[in-house]
Amino acid sequence: MAATLLQGEKVASEIKEGLKKDIEDLKAKGVPPHLVAVQVGENAAARVYIRQQQKACEEMDIEYEVKGLPESTTQGELLSFVEQLNRDDAVTGIILMMPIPEGIDARRVQIKISPDKDVEGMHPANMGRLVYGEMGLAPCTARAAVELLKSSGVELKGKEVVIVGHSEIVGKPLTLMLLSSQMESPTPTVCHIATNDLAFHTRRADIVFVAVGRPGLIQADMVKDGVIVIDIGINRVPVTDENGNPVLNEKGKPKKRVVGDVDFEGIKEKASFITPVPGGVGPMTTAMLLYNTVEAAKRVAARK
Ligand code: NAP
């Protein structure tokens, strides 16, 4: 039987609906959520994310502002700029757009963002809170993946969970969230590039999260019947015709499509639930950014 799709848009719209009242309350208190995206230099990928964030904030009537700094900005200037935003009570959330120019240490800048305005949940203080089971401002993609799993309604107690990928932005925070008692304490195992036999782990898992960035990494013979698969990977791969030749777009360039890290077609026949790519974790990540933006504004309001 084919798996049930865990549709990101559906869960995302429920989350957004739930935020509306909080946004109204914050406005009534004189602390409207106001997210500032800091972009250093020009970058096409960052522009795409900025447009997405802008649209999402507009939809929710959240103020979104892009502060563009020149490519020549030094580390010191950027740190001072972030400090100014931290001090500005009218700014309730700050996001540093990646990539930033070479020569600037992104981590040093992210650490400078006030933990209360850290809508990406990347500040060590917010990461540290995950150890204590507090999910207030958590990394958006990891939280998105967890919320999609919860939307399946499946009991997690006693389940074996395998997380493939241990990045700071996804795999590690995801693992900490799963260890929280709020998540009914499943048993997580984390796999990574140095894992000896990935299939050994994924085959015994009731739930598999994959966040690597390698199309087709998890094949149907690597999972058991009834598995739940949350595919976080985003990969742009060439579209090919039935002979395996690249299909060209109207500009004569190879046409691309977005896929995740798992063999979706093969696994959906075995799984009980699976996230599509696109349309799974992606839309949920944007919803979690809005959630964090509202959460950050509440913290700023509480300080007033
Ligand atoms: P990352 O920082 O490159 O981390 C990839 C992780 O995968 C690393 O922990 C790496 O291990 C591990 N890995 C690499 N090859 C492996 C293999 N063959 N077997 C097992 N593990 C392997 O990437 P990321 O930022 O976490 O992103 C991962 C994927 O999620 C990407 O496709 C990205 O585009 C996508 N993503 C999606 C969203 C969304 O909104 N849907 C948001 C963020 C990221 P080592 O560190 O040991 O090499």
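Preceding this section is the structure that the text describes.
Since we're looking at a predicted model, the values are computed, not measured.

Rules used throughout
Residues numbered from 1 in each chain as written. Predicted model: local features only at pLDDT ≥ 70, side-chain atom pairs only at ≥ 80, totals over all residues. Heavy atoms only, no water. Near = heavy atom within 4 Å. Polar contact = N/O pair within 3.5 Å; in protein donor to acceptor, adjacent residues only side chain to side chain. Areas by Shrake-Rupley, 256 points an atom, 1.4 Å probe, with all protein chains shown as cover. Helix = DSSP H or I, 4+ residues; strand = E, 2+ residues; numbered from the N terminus. Nonpolar A, V, L, I, M, F, W, Y, C, P; charged D, E, K, R; others polar. Salt bridge = Lys/Arg side-chain N within 4 Å of Asp/Glu carboxyl O. Buried < 20%, exposed > 50% of the residue type's maximum accessible area, 1.4 Å probe, protein only. Arc of directions from axis to C-beta. Contact = heavy atoms within 4.5 Å. Pairing = 2+ DSSP bridges. Right-handed = clockwise from strand over helix to strand, strands pointing away. Axes fitted to C-alpha atoms, helices over the stretch in contact; angles between N-to-C directions. Phe/Tyr/Trp six-rings, centres within 6.5 Å; stacked < 30°, edge-to-face > 60°. Lys NZ or Arg CZ within 6 Å of the ring centre and 35° of its normal. Parallel < 35°, antiparallel > 145°, perpendicular 65-115°, else oblique. Left-handed = near helix turned anticlockwise from the far one by under 90°. Lys, Arg positive; Asp, Glu negative; His and termini not counted.

A description of the site of the ligand should follow, citing residues and the corresponding values.
For the ligand, the set of nearby residues contains 20 residues, the closest of which are His166, Ser167, Ile193, Ile234 and Thr285. Separating an oxygen atom of the ligand from a backbone N or O atom of His166 is a distance of 2.8 Å. A distance of 3.5 Å is found between an oxygen atom of the ligand and a backbone nitrogen or oxygen belonging to Ile232. Coverage of the ligand by the protein amounts to 69% of the 930 Å² it exposes when considered alone. Among the elements that line the shell around the ligand, the one with the most residues is helix H10 (residues 281-303), at 3 residues. When its residues are assigned to classes, the shell around the ligand shows 10 nonpolar, 9 polar and 1 charged.

Outline the pattern of salt bridges, supporting the account with residue identities and numerical values.
Considering all chains together, one arrives at 19 salt bridges under this definition. The salt bridge partner of Arg47 is Glu42, with a shortest N-O separation of 3.5 Å. A salt bridge links Glu83 to Lys112, with the nearest nitrogen and oxygen atoms 3.0 Å apart. Of the two residues, Glu83 sits in helix H3 (residues 75-87) while Lys112 sits in helix H4 (residues 106-112), which places them 29 residues apart along the sequence. On the accessibility criterion, Lys112 (32% relative accessible area) is partly exposed.

If you had to explain helix H5 (residues 124-131) to someone new, which residues and values would you point to?
For H5, the complete set of buried residues consists of Asn126, Met127 and Leu130. In a view along the axis of H5, the buried residues occupy a sector of 100°, so they form one face of it. Where H5 is buried, its residues contact helix H7 (171-179) and H10.

How would you explain the pairing of strand S6 (residues 187-191) if you had to name every residue and give the values?
As paired elements, strand S5 (residues 160-164) and S6 share 5 bridges and run parallel to each other. Across the sheet, the residue bridging to Glu160 is Thr187, located in S6. With respect to chirality, the unit in which S5 leads through H7 into the neighbouring parallel S6 is right-handed.

Quick one: what's the story with the sheet that holds strand S7 (residues 207-210), residue by residue and with numbers?
Spatial strand order, S1-S11-S8-S7-S5-S6: 6 strands in an open sheet with parallel pairing. Of all strands in the sheet, those bounded by a partner on one side alone are strand S1 (4-5) and S6. Contacting S7 and strand S8 (228-231), helix H6 (residues 140-151) crosses the sheet at an angle of about 155° to S7.

Please give an account of the packing of aromatic side chains that cites residues and values.
Under the defined criterion, the tally for this structure stands at 0 aromatic pairs. For the cation-ring pair, Arg143 lies above Tyr291, with the distance from its terminal atom to the ring centre recorded as 4.9 Å.

Kindly report on the packing of H6 against H10, identifying the contributing residues and their values.
At their nearest, the axes of H6 and H10 sit 8 Å apart, and the two run at 115° to each other. Taken as axis vectors, H6 and H10 run roughly perpendicular relative to one another. In this structure, H6 crosses over H10, and the sense of that crossing is right-handed. Between H6 and H10, the residues in contact are Cys140, Thr141, Arg143, Ala144, Ala145, Glu147 and Leu148 and Val281, Met284, Thr285, Met288, Leu289, Tyr291 and Asn292, respectively. Partitioned by chemical class, the residues of the contact of H6 with H10 number 9 nonpolar, 3 polar and 2 charged.

I'd like a description of the side chain of Glu295, backed by residues and values.
The residue Glu295 is located in helix H10 in this model. With no salt bridge to any partner, buried Glu295 finds its closest opposite charge in Lys298, at an N-O distance of 4.1 Å. For Glu295, the residues in contact, after removing those within four places along its chain, are Gly136 and Leu137.

Now, about the sheet that holds strand S3 (residues 63-69): what can you tell me, with residues and values included?
In a beta sheet, neighbouring strands are held together by backbone hydrogen bonds and run either parallel or antiparallel to one another. Spatial strand order, S3-S2-S4: 3 strands in an open sheet with parallel pairing. Sheet topology places S3 and strand S4 (93-96) at the edges, where each strand pairs with a single neighbour. Strand-to-strand twist in this sheet, taken as the mean axis angle between neighbours without regard to direction, amounts to 20°. Relative to S3, strand S2 (residues 34-40) runs parallel, the two being bridged by 7 bridges. Considered in S3, the bridge of Val38 is made with Lys67. Sitting on the sheet, H3 touches S2, S3 and S4, and the angle it makes with S2 is about 175°.

An account of the environment of Val294 is requested, with residue identities and associated values reported.
Mapped onto the fold, Val294 is located in helix H10. The class of Val294 is buried, set by a relative accessible area of 1%. Linking Val294 and Lys157, residues 137 residues apart in sequence, is a C-alpha distance of 30 Å. Contacts of Val294, omitting those with residues within four sequence positions, involve Leu19, Asp22, Ile23, Leu26 and Ile62.

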